[in-house]
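Notes for the structure review
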Amino acid sequence: MLIRKRERFLLFSPLGAQKLVTTITLLGASFIKLAQVLATRNDFFPPEYLFKLKTLHDELPAMDEKTMQGVFDRAFKENPFSRFEKQPIASASIGQVHEAWLGEETKVAVKLRREGIEAQVKADIRILTSFNALFRPLFSHYTKHSIEAVIAEFSSMILKEVSLNQERANLIKFSQIYANMDVRFPLAYESISCDDALVMSFEEGFRFDDKDALEAHHIDIKPLIETLVQFYTEQMLVKGFFHADPHPGNLLVSKKGKLILLDFGMVKRVPNETRIAIIEMLKAANEQDYERYVSASKRMGTVAYDAPLAELAEFTERMFEIFQNDALDSSSMQQLAFEVLEQTRNLPFKLPQEAIYILRVSAIIEGLGTTYIENFNGIKDILPILQNNIPRALGAKEGIVETLIDEFKNFPMDVRAFRNTLYRISEENLRVELSKPQLEALEKSLKESIKPVIIAVALMISALFVLMLDNTLQNLAIVLFAAGLLRLLFRKG
C-alpha cells in the first residue's frame with residue numbers, strides 16, 4: 001500500500017513508520033537487511049518512512065550459551081584457542097563476534113555463524129518471492145521490475161553472506177586487490193576457519209561516526225573522508241570489486257588515524273557496462289550536460305529507456321541546483337529534494353540489480369560525511385574527486401608517455417577490428433545488439449500494441465460462439481462484435 005501510495009485498501013491501512021520498523025525488527029535477519037536496502041528508495045517510500053528505515057540496525061540478541069557452544073564445537077573439532085570469551089562483543093543477524101587468543105599474545109576475532117540462519121534465510125526468501133508473485137499484477141510496468149530487481153539482488157547477496165567461507169574468500173581477495181590503498185584489513189586465519197567460524201586478526205579502533213573519540217585523540221576527519229571516497233572510487237570505477245556494506249560499525253579508525261574496514265560478507269562485482277555508465281554519468285554531471293546524464297542513466301538502467309528525455313533533464317538540473325547551493329544547510333537541501341521528487345513520482349525510474357548496492361554505499365558515505373562536515377553532499381564534495389579519477393577508470397596510464405605507448409600497442413588490434421567491421425558491412429552481415437533496457441522498452445511497446453488486438457479478436461470470436469449456441473441472442477452477439485470492432489479501430493498507436 002505504501003509503494004502504491006494508497007491510504008487505505010479494503011479495511012486495511014499501511015503501518016506507521018515506527019510500527020513498520022518495529023515489525024521488521026521482529027521478523028529478523030532477512031527483513032532487516034532488505035529494509036536497509038529499501039531505505040535508499042525515494043520512489044518507494046515517503047520521507048518519514050525513509051528516515052525511520054535508516055535507523056534500522058543489524059543487531060540482534062546473542063545466541064544462548066548452549067547454542068553458541070554447539071556451533072563452536074561443530075566449527076572446531078579441537079579447540080585452537082588458549083582463551084575464548086563466551087560473551088560476544090558484537091551480535092548481528094548472520095553471526096556474532098567473540099574475542100579469543102592464539103597462544104598468549106595473539107588476539108583474534110572469532111565470528112560464529114548463527115545456528116539455523118541459512119535455513120531461515122532461505123525460508124524468508126521463499127516468503128518474499130511468493131508475496132511478490134501475488135502482488136505483482138497490482139504494480140506498474142516500471143515498479144514491478146524495480147521490486148523484482150531488489151528482491152533478486154537481495155536474495156543473491158544474503159545467501160552468499162550466510163557463508164563464512166565466502167566471506168573469508170572475499171576478505172583475502174579484497175586484501176590482495178587493494179593492498180596498495182591506505183586502508184587496513186583484518187588478516188584471515190584460513191587453517192582454522194570454516195563455514196561456521198571465521199577467525200581473523202583483532203582490529204582495534206573507534207567507530208567512524210564516534211565524533212567525540214576522534215576529537216579526543218586529535219584525529220583529523222577530513223583526510224579520512226577523502227581517503228574513504230578515494231577508496232570507493234577505486235572499488236566502483238577502477239577495479240569494479242567493492243565492499244557493499246560500509247556502515248559505521250564496519251569502518252574503524254585506529255589511534256594513529258588509519259582507516260580499517262571490517263565485515264566482507266557483502267562484496268559485489270560491478271559489471272563493466274554499469275561501470276562505464278557510471279563514468280559517463282559523472283562526466284556529464286561535472287560538465288552540467290543533463291541530457292547526456294539522463295542518457296547515461298538509461299544505459300545504467302536507473303531510468304526506463306523510453307522515458308521522456310527533456311522532462312528528466314529538467315528534473316536532474318533542478319536536483320543539481322539544490323545540492324550545489326552553498327547557502328542551504330543539509331536539512332533544507334533534503335526538504336527541497338523531496339519536494340522535487342514528489343512532483344516526479346510518475347516518471348519511469350527503475351533500479352536494476354547492479355545499482356542497488358552502489359546507491360546504498362553512496363548514501364552511507366554521504367551520511368558519514370554529514371556527521372563531520374556541515375552541508376556535506378555528494379555533488380559538491382564527492383563529485384570533484386570522482387571526476388579526477390575518470391581517466392584511470394577508463395584505463396589511462398599515469399603519464400602521457402605510458403599512455404602513448406599503450407595506445408601504440410593497441411593500434412594493430414584497432415585496425416584489425418575496423419577492417420572486420422568494413423568487411424561485415426560489405427557482406428551485409430553486420431549485426432546490431434540491443435541492450436537490456438532497449439529490449440525491455442520494445443517488450444513493453446509490443447505488449448501495449450498486441451493487447452487491444454487480442455481483446456478485440458476475443459470479443460469477436462465470443463460473438464460468433466454466442467450465435468452458434470443460441471440464435472435468439474443476436475443482439476448480444478452484435479454488441480460483442482461491435483465492441484471488438486471498436487476496440488480494434490480505436491486502439492492506441
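See the structure printed just above.
Here's what I pulled together on the structure shown here. Predicted, not measured: the structure shown is a model, and the values here were computed from it.

**Topic: the packing of helix H9 (residues 221-239) against helix H10 (residues 272-286)**
The description of two helices packed together rests on the angle between their axes and the distance between the axes. It is the contact of H9 with H10, at a shortest axis distance of 8 Å, that shows an interaxial angle of 115°. Taking contact as the criterion, the partners of Met236, Leu237 and Val238 in H9 are, on H10, Arg275, Ile278, Ile279 and Leu282. Of the residues assigned to the contact of H9 with H10, the class counts are six nonpolar, no polar and one charged.

**A few points about the packing of aromatic side chains**
For the structure shown, the criterion picks out 14 aromatic pairs. When the ring of phenylalanine 174 is compared with that of phenylalanine 231, the centres are 6.1 Å apart and the planes differ by 90°; the resulting orientation is edge-to-face. Placement of the pair is phenylalanine 174 in helix H7 (residues 164-177) and phenylalanine 231 in helix H9, with a sequence separation of 57 residues. Aromatic pair phenylalanine 185 and phenylalanine 231: ring centres 6.1 Å apart, planes at 40°, arrangement tilted. Taken as a pair, phenylalanine 185 in the loop between strand S5 (183-184) and strand S6 (197-201) and phenylalanine 231 in helix H9 lie far apart in primary sequence, 46 residues in all. Phenylalanine 231 sits in the buried class, given a relative accessible area of 1%. Counting every residue linked through ring pairs, the aromatic cluster contains Phe174, Tyr178, Phe185, Phe231, Tyr232, Phe241 and Phe264. A cation over an aromatic ring shows up here: lysine 173 above the ring of phenylalanine 241, its NZ or CZ 4.8 Å from the ring centre.

**Examining helix H4 (residues 65-75)**
Those residues of H4 that sit buried are Met68, Val71, Phe72 and Ala75. Projected down its long axis, H4 carries its buried residues within an arc of 100°, all on one side. Elements in contact with the buried residues of H4: strand S1 (83-84), strand S3 (95-102), strand S4 (106-113) and S6. Two or three places before lysine 66, at the opening of H4, aspartate 64 has a side-chain oxygen 3.2 Å from that residue's backbone nitrogen.

**What about the nonpolar core?**
For soluble globular proteins, nonpolar side chains are generally found buried alongside one another. Phe174, Phe185, Phe208 and Phe231 are the most contacted members of the largest nonpolar core, which totals 61 residues. Element by element, the count of residues in this core is highest for H9, at nine residues. Apart from residues no more than four positions distant in its own chain, phenylalanine 185 is found in contact with Leu171, Phe174, Ser175, Tyr178, Glu203, Phe231, Leu261 and Phe264. Leu20, Phe45, Leu50 and Phe154 belong to the second largest nonpolar core, which has 24 residues in total.

**Some words on H7**
Compared with an ideal rise of 1.5 Å per residue, which puts 14 residues at 20 Å, H7 spans 20 Å between its outermost C-alpha atoms and is within 8% of the ideal. Three or more residues of H7 are buried, namely Leu164, Glu167, Arg168, Asn170, Leu171 and Phe174. Buried residues of H7, seen end-on, are gathered within an arc of 160° and therefore sit on one face of the element. Where H7 is buried, its residues meet S4, S6, H9, strand S8 (241-243), strand S10 (259-261) and strand S11 (267-269).

What counts as what
- Residues numbered from 1 in each chain as written.
- Predicted model: local features only at pLDDT ≥ 70, side-chain atom pairs only at ≥ 80, totals over all residues.
- Heavy atoms only, no water.
- Axes fitted to C-alpha atoms, helices over the stretch in contact; angles between N-to-C directions.
- Helix = DSSP H or I, 4+ residues; strand = E, 2+ residues; numbered from the N terminus.
- Contact = heavy atoms within 4.5 Å.
- Nonpolar A, V, L, I, M, F, W, Y, C, P; charged D, E, K, R; others polar.
- Phe/Tyr/Trp six-rings, centres within 6.5 Å; stacked < 30°, edge-to-face > 60°.
- Buried < 20%, exposed > 50% of the residue type's maximum accessible area, 1.4 Å probe, protein only.
- Lys NZ or Arg CZ within 6 Å of the ring centre and 35° of its normal.
- Arc of directions from axis to C-beta.
- Polar contact = N/O pair within 3.5 Å; in protein donor to acceptor, adjacent residues only side chain to side chain.
- Core = buried A, V, L, I, M, F, W, Y, C linked by side-chain atoms within 4.5 Å.
- Expected span 1.5 Å × (residues − 1).

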